[in-house]
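A closer look at the structure
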Amino acid sequence: GFLGALNGSVMVHITKASMEKMNIKIPKNLDDQRRVASILSSLDRKIELNNKINADLEEMAQAIVDKMMEVIPYNVNIMNPKGIIIGSGDKRRLGKLHKGAIEALNNRVLIEVYEEKESVKPGVNMPIYFNNEIMGVIGISGAPDEVKPFASLVTVTAELLIRQESVFIERR
């Protein structure tokens, strides 16, 4: 079966040899083929839209951080879906992996860090969602009880901008 054809321990992949052994049924009815094609096209459009939004988020990240830091007295970071810092009040951190973001991405919840250890600073890390998918993480440094309300505001702002960008992209 399909699952038996998968290889790999950390990252699953399908080899050419296992694909050649698969028996794939193709619908004979033209209407069924068209329905399958329509579903696949719809998935392609969704993937393309998400890729464009991710690219736009990377462009918007530093601008969002800069604006937010004008009004809140804490350092703000924005991380992409891989946990890499793409916007920061501390420009030296750009391009670095953010451990708190990784935890927020893996657990899909707000992460509060109360004690500084290694390269992890106290603060909160909150996932940014669009269409039930995590698009990134907002991190704000400081005492979690103090910065959590700010993280909520920055996250809502980022989600609204992503939604607005999505509408703009779809209309183009």
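Cut-offs applied
Residues numbered from 1 in each chain as written. Predicted model: local features only at pLDDT ≥ 70, side-chain atom pairs only at ≥ 80, totals over all residues. Heavy atoms only, no water. Helix = DSSP H or I, 4+ residues; strand = E, 2+ residues; numbered from the N terminus. Buried < 20%, exposed > 50% of the residue type's maximum accessible area, 1.4 Å probe, protein only. Contact = heavy atoms within 4.5 Å. Areas by Shrake-Rupley, 256 points an atom, 1.4 Å probe, with all protein chains shown as cover. Lys, Arg positive; Asp, Glu negative; His and termini not counted. Charge placed at Lys NZ, Arg CZ, Asp CG, Glu CD. Patch = residues over 30% accessible without salt bridge, like charges linked within 9 Å, V, L, I, M, F, W, Y side chains within 5 Å. Salt bridge = Lys/Arg side-chain N within 4 Å of Asp/Glu carboxyl O. Phe/Tyr/Trp six-rings, centres within 6.5 Å; stacked < 30°, edge-to-face > 60°. 1 Å grid on protein atoms, 1.4 Å probe; cavity = no way out; pocket = protein on both sides within 12 Å on 5 of 7 lines; lining within 4 Å. Points joined across faces, edges and corners; volume = space filled by probe spheres on them. Arc of directions from axis to C-beta.

**Some points on the overall build of the protein**
Looking only at helices and strands, the protein features 4 helices and 7 strands. The linear arrangement of helices and strands in the protein, starting from the amino end, is β-β-α-α-β-β-α-β-β-β-α. Each principal axis of the C-alpha distribution contributes one length, and for the protein these read about 65 × 40 × 25 Å. For the protein, the proportion of its 172 residues judged to be buried stands at 36%. The long-range share in the protein, meaning contacts at least 24 apart out of those at least 6 apart in sequence, stands at 44%. For the protein, the accessible surface area stands at approximately 11300 Å², while carbon and sulfur atoms represent 56% of it. Of the charged side chains in the protein, 23 are positive and 22 negative, and the gap between their average positions amounts to 6 Å.

**Digging into a nonpolar patch on the surface**
A cluster of nonpolar side chains, Ile14, Met19, Ile24 and Ile26, forms an exposed patch at the surface whose accessible area comes to about 390 Å². As for its placement among the helices and strands, Ile14 is situated in strand E2 (residues 13-14).

**Quick notes on the packing of aromatic side chains**
Evaluation of the coordinates by the stated rule reveals 1 aromatic pair. Taking the centre distance of 5.5 Å and the plane angle of 50° together, the rings of Tyr74 and Phe150 count as tilted. One end of the pair, Tyr74, is in the loop between helix H2 (30-71) and strand E3 (76-79); the other, Phe150, is in helix H4 (residues 144-171), with 76 residues separating them in the sequence. Classification of Phe150 as partly exposed rests on a relative accessible area of 24%.

**Focus: the environment of Lys91**
Mapped onto the secondary structure, Lys91 falls in the loop between strand E4 (85-88) and helix H3 (99-107). When neighbours within four sequence positions are excluded, Lys91 is seen to be in contact with Gln62 and Asp66.

**A few points about the layout of surface pockets**
When its volume is computed, the largest pocket comes out at roughly 210 Å³. Considering the residues around the largest pocket, the lining is formed by 18 residues, among which Arg93, His98, Ser119, Val120 and Lys121 are closest to the centre. Contributing elements (two or more residues each) for the lining of the largest pocket: H3, strand E6 (123-130) and strand E7 (133-141).

**A short note on the environment of Asn107**
With respect to the helices and strands, Asn107 occurs in helix H3. Given the relative accessible area of 45%, Asn107 is considered partly exposed. Through-space distance from the C-alpha of Asn107 to that of Pro127 is 9.5 Å; in sequence the pair is 20 residues apart.

**Notes on the pattern of salt bridges**
A pair can form between side chains of opposite charge whenever their charged atoms are brought close. The tally for this structure, following the rule as stated, stands at 7 salt bridges. Where Lys67 meets Glu70, a salt bridge forms, and the shortest distance between an N and an O atom there is 3.9 Å. Placement of both Lys67 and Glu70 in helix H2 is noted, with a separation of 3 residues, approximately one turn of the helix. Judged by its relative accessible area of 54%, Lys67 falls in the exposed class. Lys148 serves as the salt-bridge partner of Glu112, at 2.6 Å between the closest nitrogen and oxygen. With Glu112 in strand E5 (residues 111-113) and Lys148 in helix H4, the pair connects residues that are 36 residues apart, well separated along the chain.

**Regarding H3**
Inspection of H3 places Gly100, Ala101, Ala104 and Leu105 among the buried residues, and these make up the whole buried set. The buried residues of H3 all sit within an arc of 135° when viewed along its axis, so they share a single face. A positive backbone phi angle near 60° is found at Arg108, which sits one or two residues after H3.

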